[in-house]
There are 2 protein chains.
Amino acid sequence: MALKSKMTRKAADAAVDLSRNRIVIESISHEIDGGRFPAKEIAGQIFAVEADVFGDGHDCIRAAVQARRERGGSLVEVEMSHVINDRWRGDVTLPEIGLWHMTFIAWRDLFATWHEDTSKKIGAGQNIALELEEGRHLIAAALDQSPLLKARPKKALERLLDQIGAAEDEAKQKLLMSDDTLDIMRAVGPRSNLSQYERTVTVRAERPAAAFSAWYELMPRSWGPNGQHGTFDDVIARLDYVRDLGFDVLYFPPIHPIGKTNRKGPNNVLTAGPEDPGSPYAIGGQKGGHRAVHPDLGTLEDFDRLVAAAAEKGMEIALDFAIQCSPDHPWIKEHPEWFDWRPDGTIKFAENPPKKYEDIVNVHFYRDALPSLWLELRDVVLFWVEHGVKIFRVDNPHTKPFPFWEWMIADVQTRHPDTIFLAEAFTRPKVMKRLAKVGFTQSYSYFTWRHAKTELTEYLTELTTEECRHYMRPNFFANTPDINPWFLQTSGRPGFRTRLVLAATLAGNYGIYNGFEVCEGRPVPGKEEYLDSEKYQLRQWDFDQPGHIKDDIRLINRIRVEHPAMRDFTNLRFYNATNDDVLYYGRMDAANDSYLLFHVNLDPHGAQEFGFEVPLWEFGLPDEASIEVEDLLQGNRFTWHGKSHRLALDPQARPYAIWRLIPPGGGR
Amino acid sequence: MALKSKMTRKAADAAVDLSRNRIVIESISHEIDGGRFPAKEIAGQIFAVEADVFGDGHDCIRAAVQARRERGGSLVEVEMSHVINDRWRGDVTLPEIGLWHMTFIAWRDLFATWHEDTSKKIGAGQNIALELEEGRHLIAAALDQSPLLKARPKKALERLLDQIGAAEDEAKQKLLMSDDTLDIMRAVGPRSNLSQYERTVTVRAERPAAAFSAWYELMPRSWGPNGQHGTFDDVIARLDYVRDLGFDVLYFPPIHPIGKTNRKGPNNVLTAGPEDPGSPYAIGGQKGGHRAVHPDLGTLEDFDRLVAAAAEKGMEIALDFAIQCSPDHPWIKEHPEWFDWRPDGTIKFAENPPKKYEDIVNVHFYRDALPSLWLELRDVVLFWVEHGVKIFRVDNPHTKPFPFWEWMIADVQTRHPDTIFLAEAFTRPKVMKRLAKVGFTQSYSYFTWRHAKTELTEYLTELTTEECRHYMRPNFFANTPDINPWFLQTSGRPGFRTRLVLAATLAGNYGIYNGFEVCEGRPVPGKEEYLDSEKYQLRQWDFDQPGHIKDDIRLINRIRVEHPAMRDFTNLRFYNATNDDVLYYGRMDAANDSYLLFHVNLDPHGAQEFGFEVPLWEFGLPDEASIEVEDLLQGNRFTWHGKSHRLALDPQARPYAIWRLIPPGGGR
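Residues numbered from 1 in each chain as written. Chains lettered and ligands numbered in written order. Predicted model: local features only at pLDDT ≥ 70, side-chain atom pairs only at ≥ 80, totals over all residues. Heavy atoms only, no water.

**Re the interface of chain B and chain A**
Note the following rule: Pairs of residues are marked as contacts when any of their non-hydrogen atoms sit within 4.5 Å. A pairing counts as a salt bridge when a side-chain nitrogen of Lys or Arg comes within 4 Å of a carboxyl oxygen of Asp or Glu. The term polar contact refers here to a pair of N or O atoms within 3.5 Å; inside protein, the definition further demands a hydrogen-donor-capable atom paired with an acceptor-capable atom, and it admits residues adjacent in sequence only when both atoms are side-chain atoms. A run of DSSP states H or I qualifies as a helix once it reaches four residues; a run of E qualifies as a strand once it reaches two. Both are numbered from the N-terminal end.
Contact with chain B, which involves 70 residues of that partner, is made by 70 residues of chain A. Here arginine 434 of chain B ties to glutamate 26 of chain A by a salt bridge, and the two come within 2.9 Å at their closest N and O atoms. For the interface between chain B and chain A, the tally reads 31 residue pairs in polar contact (both at pLDDT 80 or more). Among the elements of the structure, helix 1 (6–19), strand 1 (24–26), strand 3 (46–54), helix 2 (110–123), helix 3 (129–144), helix 11 (372–386), helix 12 (402–415) and helix 13 (429–438) of chain B are those that each provide at least two residues to the side of chain B that touches chain A.

This is the structure we're talking about:
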């Protein structure tokens, strides 16, 4: 057809351009904010990618996801399959850590369509002589693309066409309709109307510790003998203690020199005595800033030895990255342009009006601080990376600009893709999610304040089923130096056991701060602060005192490591226990045939009895079926007959139960 | 700071680049699929645009939405305000129809932050001498951007600074902390860290009929006198009938020549008699194709007169756009490359195996048909636009490629932005939504098959509250020539009244197909087809026969037009009626002070009594308050005392009630 006008020619070009993507591909599970941010997965582990895929009309369509590394390199192509209601799914494994770019393709499979239609006509007893000829044409057309075909499938198609050409009616029909023919055409038939999703979807593949780790937090200065200031060597001497409990990340609050100006005394009083060590968060003094270690802890060489010793025992050291400075920090003289100054020439202290924090000052990130401060902060991180630290807990990231984190984390991870950043932000939901989107590997959470069954169920359902599961990985801390939770202040030992089990089995990453194992919960009255907090003074710990819960910790950490279902926190499912004080949930990993059930008594003060249903339906079993079960606390193995059961949990005995299901044919 | 390496220089550039958007703007309400498709709104009407906006730390931030026409022209800027939980909202009105591009900006308001912090310090009795000096600096800084300031605010700032300079402590504080100062700084203070959302969000502003219209469908050939083939002139003669019922769109199934080959007879039999008119969907014959009118209906000039006569009475003509062809369509000879041919040289009929449709053939849209067919189809639409038709009901769009619709509708609307396309797709949810996204103005819906209270509530909640509300506008047809709903086949007259009220008051667009007003529901036994359907034969209609529901239709259409609350279908809210057969809902339009309540008895066979609550809480009224109410059926006005009331609806009397609330101070 001759195109008359310039306007029509432009329209024709637009039509041809748009026509390329005939098959609709949309709603990609891993596309965060229209492709603005990468999703997160673990290298080497299978994960499901989903998309809506459909065409016009009723033709058979097919779809695949392709994943590429940033600079050429590996290409992974996985065919997707239809799940339900135009939702398709592909099970992808990314072999290496780093950024991957996923494209989604779909096409019409003309031979499969022909096969389906012709089958229906055969079923209705219609004459299909012409259809058979059409089928032969489709095979011939597949051969026509022979430059793209490998020798083997080309040969197979040629032989097939010869056979069809030689066959009479019935034999011809049999050949054309055979599964073999369908299979070969499926494999090498043309991808008609090959369409591609308009955007690239980025996934950061990370190492397992990004999603699965058990943290133990301590302040080295309290780990010295007989009340003396602890050193890195003191910690080295007690690495076995932490390792024996089953932790794999050992995390220290800041280990840098501490300022003297306006130093805080015990229990956060405004004036410190001459011997008071001050808050480790008042970073920087005469002996240096963010690249220095506090001289009382040892030297950088001591620190290096500690990192190496931990690695030998299978542990990593995590450091705090806290950007604020003591008024004595060397940066203040070296880079006055990074700080805010007042009209009278004094430096502006940190404040949250009307509250003031006189022992710290904050940098600002713009004006003359951009980019010099940004580069320096990144270089601080790189400095510690070079000293073997690959995990950083970042203090209060929500009070620093999001673009800084996005840039800094990406820059560091480009050089060291195995670096992990944990965001210590206890703030509004969207702020926490944004921090995860801009790059934080893990996020502190509201877990510390979620105790009731409905609260836990609602919060975990959000974390494990909503879109945020693709980019935000919670790290459930049961306590921290800053949070002595109300619940634990009054719950006694049973509450510590309960919170341990919840933290360690509801999330992939979890942590405790030392003292938890001996149920330390004495508060500054009316506050969620520890009395005589290590933040302002040295403490001496006796972790062997009566009432410790180290056996629980060892057991739970062992269960976490031994059972694959514990590794992906999104496999959590809640089940019904007929008691509002009992949380009942499963971690169900069909790919690894690993199925655990958990009953936790949330009431630390009384025994709770309840009915529950074994989720036989998860395995396609009827209500009256039997299933083998292992009691992971006692180690014995027995059989549950039928769906309905009863149990009681006494917090004084054991406030929780953990079961492994062994469905028929299973048994990992 | 000197930058040492090339790598660091690159990193520094990246940091500066990212740093530009310090304030986070995300989750824009009107961004469809990451900006891939425009949202839809009505020009001249207020609508709420929402976004998540937040910064790091606790500074006061502000945000605005800006909207621009495609080629320069008008710019609308609306400041947004914080609603809850970091969600912000701006009330936007787009003055002209066409495509608008929205950008979102946000900034830190340093003076507002200073004002808030200083207020807190004053409240705590702190010395604020330095703070006052800092406040003065901020005002001076605002003046420093004076090239950007207009003369008047510049003068105001200068005077303010003079006054502050001359004032002593207390007067200075009063000046700096005054509302006037806050207001002027709010208006002209610098937009610190001005950030912009990375993508542009597109909104198509359309004319009111896109969202609010009442359709009446008829086949002109049945509107002749005494059983003769009707003509356009016959329809002209009866325009008053349709107008009097209150409809504003008069929609005809195809009016083109009908093919003779394999013509269908009455009730869809495979062979037609010599006098049988055939299906109007078998388009094209000796007398022409998609640009011709059936000679028995009249001439193109007759059609033009009909369009003009309808317009004079405030009605528009909507035409069917059905792409399939009769085997006699002229395109088949003129453009054999648009059709599928079989190995024996015959044309491929439409089929849905094992079903065959021998009276129609389908075009295909690719290979040699691209772009010539696409251009021709668009030109067919433009042809009818030039004949005054601006509304097209598109037959089965889901069996034609989505890219074709996206291109064609955009192309037509670029030339004629007032064109409206209704998608007649009864298919899977995602397919229907995609059609709406690629450009269809309105969409047929599942309403025809939603009868129960839970079904209606669930479906309408999806349509009016989920993301699709921004791009998919339902058109609720109570019946069509293709759908004689099961419900109406047995409901009798009460069911017709019920379905009328539901269709007309749950959606902005709705329609009926003629015969509905006389409760026609005789089926082909066991099918949702009308017996003796007009699709295959002429019918004679007597719309004055006993039992008609024309009074209901007139009343409901009048209520729709008179009450602003009926115009935006997303203002629907469901309330609780204590009876599963009674649907109770409101259309609540606070901007126009228009509040309607509806009670509908869904059971056509029995009276239903129920309790209900007047939603006093919507107006901030306590449970025991009184509210004025108008019965829109009887016209009387009275007072409801308190929240709880009872009512009974007898389907034989009137199966519905409609109330207008007049809250204290209201009264539109």
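**Describing empty space enclosed by the protein**
The rolling of a water-molecule-sized probe over the atoms marks out the regions of remaining empty space. The criterion, for reference: Cavities and pockets are found on a 1 Å grid laid over the protein atoms alone: a cavity is a set of points where a 1.4 Å probe fits but cannot escape, a pocket is an open set with protein on both sides within 12 Å along at least five of seven lines, and a lining residue has an atom within 4 Å of such a point. Grid points are joined across faces, edges and corners, and a volume is the space filled by probe spheres set on the points. In this classification, Asp, Glu, Lys and Arg are treated as charged, Ala, Val, Leu, Ile, Met, Phe, Trp, Tyr, Cys and Pro as nonpolar, and every other residue, Gly included, as polar.
For the structure on display, the rule yields 12 cavities of 30 Å³ or more. When its volume is computed, the largest cavity comes out at roughly 120 Å³. Arg221, Pro254, Ile255, Pro280 and Leu297 of chain B are, among the 13 residues lining the largest cavity, the residues nearest its centre. Of the residues that constitute the lining of the largest cavity, the class distribution is 9 nonpolar, 3 polar and 1 charged. Estimates place the volume of the second largest cavity at around 90 Å³. If you trace the second largest cavity, you find it lined by Met219, Pro220, Arg221, His229, Pro253, Pro254, Ile255, His256, Ile258, Pro280, His294 and Leu297 of chain A.

**Some details on the sheet that holds strand 22 (residues 594–601) of chain A**
Residue and element names in this part refer to chain A. As a reminder, the rule being used: Here, a strand pair is defined by DSSP locating no fewer than two bridges between the strands. In this analysis, axes come from line fits to C-alpha atoms, helices being fitted only over the stretch in contact, and the angle between any two N-to-C directions falls in the range 0 to 180 degrees.
In spatial order, the strands read 20-21-22-27-24-25; together these 6 strands make up an open sheet with antiparallel pairing. Every interior strand has two partners, whereas the edge strands, strand 20 (572–574) and strand 25 (637–641), have only one. The average undirected angle you get between the axes of adjacent strands in this sheet is 30 degrees. Here strand 24 (residues 626–631) pairs with strand 25 via 5 bridges, running antiparallel. The residue of strand 25 that forms the bridge with valine 629 is phenylalanine 638. Helix 16 (residues 550–562) contacts strand 22 and strand 27 (656–662) of the sheet and is inclined by roughly 25 degrees relative to strand 27.

**Some details on the pairing of strand 2 (residues 39–42) of chain A**
Residues and elements named next belong to chain A. The following threshold applies: Here the term buried applies to any residue with accessible area under 20% of the maximum for its type, exposed to any over 50%, and partly exposed to those in between, with areas from a 1.4 Å probe on protein chains only.
The alternating pattern of strand 2 places Ala39 and Glu41 and Lys40 and Ile42 on opposite faces, both of which are buried. The pairing of strand 2 with strand 9 (residues 201–206) spans 4 bridges and is parallel. Bridge pairing in strand 9 links isoleucine 42 to glutamate 206.

**Examining the relation of the copies chain B and chain A**
Each copy of the chain is related to the other by a rotation around an axis and a translation along that axis. Let me state the cut-off plainly: To line up the copies, we fit them by least squares on C-alpha atoms, keeping just the residues with pLDDT of at least 70 in both.
For the match of chain B to chain A, the screw axis carries a shift of 0.0 Å, the RMSD comes to 0.0 Å, and the turn is 180 degrees. In symmetry terms, the pair is related by a two-fold rotation axis. When each C-alpha of chain B is compared by its distance to the rotation axis, glycine 34 of chain B comes out closest, at 2.1 Å. A shared interface surface links the copies, since 100% of the contact residues of chain B are contact residues in chain A too.

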